[in-house]
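What follows is the residue order along each chain.
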Amino acid sequence: MSCWLQDKTWEDAAKAIEASGGVAIIPVGSVEQHGYHLPLGTDSYVAITLAEDAAEQTGAVVTPPVWFGWSPHHMVRPGTITIRPEVLADLTYDIIKSVAAHGLKKIILINGHRIVNIIWMQICAERAQRELGVTVKIYDPAYMSKDIVGKLGFGPVGHAEEVESSHMLCRYPELCHLERAKDNPIKETPLFSVDPCFTHDTLCYVPSTLEHARKNAEIAGGTAGEPTKSDPEKGRIYHEHLVKNLVAVIRMLQEAG
Ligand SMILES: [Zn+2]
């Protein structure tokens, strides 16, 4: 049976909630340019595939995805849809409030849109915990893959780079066009890096200006990184690492009573 709430009748939803140990997953992504080779929905697909595989092993309930993210810097390419972060925080708060009313009080937000969504997710999560008495965890693949990204030989987190592209090649090969990919290697920028995996001193993240984003878009169609080094087998290992850790987080919440 599908893990998705929207696929169930209300009676089936009640049974699934009962069996879930109170855990709901809300996949969140973005619809934004991802270079010449990946679909606009990449960040949402990443969150969706992780949610599906972890829910299958644990019985967690998965809400319909929040397809949109905060993407002002990607408006330089067509198809990008950006939603104001305060709207996203309110929307996600209302989803949490609704599922909590039906007994899902342990919430995992999967963030497929990396560092950009985290800002409003933290504001939403804090408010939900304070006002609704729920527990909220933010599960971000970039933070949750530090142990494995280096071992797989991937470069730093960029955009539509080899990490994201390998993952997509493994899970959604029919949506990828690797033959069109163009590299835009990430240069070391001490103090200015915004890579969550960067281990040295750094400033905090601010979404790029349109001028900066435009320059990147001109170099390699919006890619930052080296997608031509992508490999679906590495994507599989990366995916399994993320699912294993997501399952561990769900089980921890389920066992917390
Ligand atoms: Zn992405």
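Preceding block: the structure.
Note that this is a predicted model, so its numbers are computed, not measured.

A separate point is the overall build of the chain. In terms of regular secondary structure, the chain is built from 8 helices and 4 strands. Starting at the N terminus and ending at the C terminus, the chain contains elements arranged as α-β-α-β-α-β-α-β-α-α-α-α. Against the globule reference of 18 Å for 257 residues, the chain gives a C-alpha radius of gyration of 18 Å, in line with a compact fold. If you line up the chain on its principal axes, its C-alpha atoms span 50 × 35 × 35 Å. Of the contacts formed within the chain by residues at least 6 apart in sequence, a portion of 79% connects residues at least 24 apart.

The subject of this paragraph is helix 3 (residues 85-101). Its 17 residues give helix 3 an end-to-end C-alpha distance of 24 Å, which sits within 8% of 24 Å, the value for a rise of 1.5 Å per residue. Taken together, the buried positions of helix 3 are Leu88, Ala89, Thr92, Ile95, Ile96 and Val99. Along helix 3, the residues classed as buried sweep out an arc of 125 degrees about the axis, all on the same side. Counted as exposed and oriented over 90 degrees from the buried face of helix 3: Glu86, Val87, Asp94, Ser98 and Ala101. Along its buried surface, helix 3 packs onto strand 1 (23-28), strand 3 (106-111), helix 4 (115-132) and strand 4 (135-139). Downstream of helix 3 by one or two residues, Gly103 has phi in the positive range, about 105 degrees.

The side chains of a regular strand alternate between both faces of the sheet. Counting buried positions over the 6 residues of strand 3 gives 6, a clear majority of the element. Burial along strand 3 is two-sided: the residues Lys106, Ile108 and Ile110 and Ile107, Leu109 and Asn111 are all buried. Two elements, strand 1 and strand 3, share 6 bridges in a ladder whose sense is parallel. Among the inter-strand pairings, Ile26 is bridged to a residue of strand 3, identified as Leu109. Where strand 3 lies against strand 4, 5 bridges are found, and the strand directions are parallel. Each bridged residue has a counterpart across the sheet, and for Lys106 the counterpart in strand 4 is Thr135. Read from strand 3 through helix 4 to strand 4, the crossover connection turns out right-handed.

Within the secondary structure, Val99 sits in helix 3. Take Val99: there are 22 C-beta atoms within 10 Å of it, and that puts it in the buried class. C-alpha of Val99 to C-alpha of Ala24: the two residues are 75 residues apart in sequence and 7.8 Å apart in space. Filtering out sequence-adjacent residues up to four positions away, Val99 remains in contact with Ala24, Thr63 and Leu104.

Membership of the largest hydrophobic core comes to 61 residues, with the highest contact counts inside it found for Ala24, Ile25, Ala51, Ala60, Leu109 and Ile110. Counting residues per element, this core draws most heavily on helix 2 (residues 42-58), which supplies 8 residues. Among all residues touching Ala60, those that are not within four sequence positions of it are Ser20, Val23, Ala24, Ile25, Ala54, Ala55 and Ile250.

Definitions and limits used
Residues numbered from 1 in each chain as written. Predicted model: local features only at pLDDT ≥ 70, side-chain atom pairs only at ≥ 80, totals over all residues. Helix = DSSP H or I, 4+ residues; strand = E, 2+ residues; numbered from the N terminus. Rg over C-alpha atoms; globule rule 2.2 N^0.38 Å. Contact = placed C-beta atoms within 7 Å. Expected span 1.5 Å × (residues − 1). Buried ≥ 20, exposed ≤ 12 C-beta atoms within 10 Å, placed from the backbone. Arc of directions from axis to C-beta. Pairing = 2+ DSSP bridges. Right-handed = clockwise from strand over helix to strand, strands pointing away. Core = buried A, V, L, I, M, F, W, Y, C linked by C-beta atoms within 7 Å.

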